[in-house]
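Observations on chain architecture
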Amino acid sequence: MPSRLIDPTDKLIQAALRVITATHYQRADDPHAADERDFAREKLVLAARDLVRGVNGLEPAEQPAQWSKRVPYSAGRTASPEIAPYSEDGEDCPACSEVQDKCRYHQGYDDAIADLGKAAE
Ligand SMILES: [Zn+2]
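The sections below set out a description of the structure shown in this document. (Residues numbered from 1 in each chain as written. Predicted model: local features only at pLDDT ≥ 70, side-chain atom pairs only at ≥ 80, totals over all residues. Heavy atoms only, no water.)

With 19 residues, helix α1 (residues 6-24) extends 26 Å from end C-alpha to end C-alpha; this agrees with the ideal 27 Å at 1.5 Å per step. Looking at α1, one finds that the buried residues are P8, T9, A15, V19 and A22. What you see down the axis of α1 is that its buried residues fit within an arc of 150 degrees, all on one side. Turned more than 90 degrees away from the buried face of α1, the exposed residues are Q14 and H24. (Helix = DSSP H or I, 4+ residues; strand = E, 2+ residues; numbered from the N terminus. Expected span 1.5 Å × (residues − 1). Buried < 20%, exposed > 50% of the residue type's maximum accessible area, 1.4 Å probe, protein only. Arc of directions from axis to C-beta.)

This brings us to the layout of surface pockets. Size it by volume and the largest pocket reaches roughly 230 Å³. Lining the largest pocket are D7, P8, K11, Q14, A15, R18, K43, L46, A47, R49 and D50. Secondary structure elements with two or more residues in the lining of the largest pocket: α1 and α2 (33-56). No other element matches the six residues that α1 contributes to the lining of the largest pocket. Among the residues making up the lining of the largest pocket, the classes are represented as four nonpolar, one polar and six charged. (1 Å grid on protein atoms, 1.4 Å probe; cavity = no way out; pocket = protein on both sides within 12 Å on 5 of 7 lines; lining within 4 Å. Points joined across faces, edges and corners; volume = space filled by probe spheres on them. Nonpolar A, V, L, I, M, F, W, Y, C, P; charged D, E, K, R; others polar.)

The subject of this paragraph is α2. For α2, with 24 residues, the first-to-last C-alpha span of 34 Å sits near the 34 Å given by 1.5 Å per residue. All of the buried residues along α2 are A33, A40, A47, L51, G54 and V55. Lining the buried residues of α2 we find α1. (Contact = heavy atoms within 4.5 Å.)

To continue, consider the coordination of the zinc ion. Only C93 (SG), C96 (SG), C103 (SG) and H106 (ND1) from the protein reach the zinc ion as donors, at distances of 2.0 to 2.3 Å. One way to put it: the four donor atoms around the zinc ion meet at angles of 99 to 116 degrees, and that makes the site tetrahedral. Binding-site remark: the zinc ion is held by donors from one chain whose sequence spacing is C-x2-C-x6-C-x2-H. Take C96: its relative accessible area is 11%, and that puts it in the buried class. A relative accessible area of 0% means that C103 is categorised as buried. (Donors = N, O, S within 2.8 Å, 3.2 Å for Na, K, Ca; no water. Tetrahedral: all angles 85-135°; square planar, octahedral: opposite > 155°, others 65-115°.)

None of this, on its own, says anything about what the molecule does.
Right under this line is the structure:
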């Protein structure tokens, strides 16, 4: 691991431990337990963000294997505009038309074919 990731990784671990403490080992009579749990979870998300930014800032050769592998089609889309059902015909698929790209079904199909091609190499 590149040294510049050690600090953000340690902060993520600390934040995760704080969430575990706040969710599994909180005192039953602590009036601030819910606030601490919420705060700990926020700190975890922020620490995760910082670590991701750190990894994204690395040269590709320094990044963990598979880091830059294309994320699933649905990732990053907060609300899927796609409509079901999917058509098996990629030329006339209403979901593809709606997103003006490949819908998750057809992207998944293409990814699977590509993976099969790589496995056959
Ligand atoms: Zn489609």
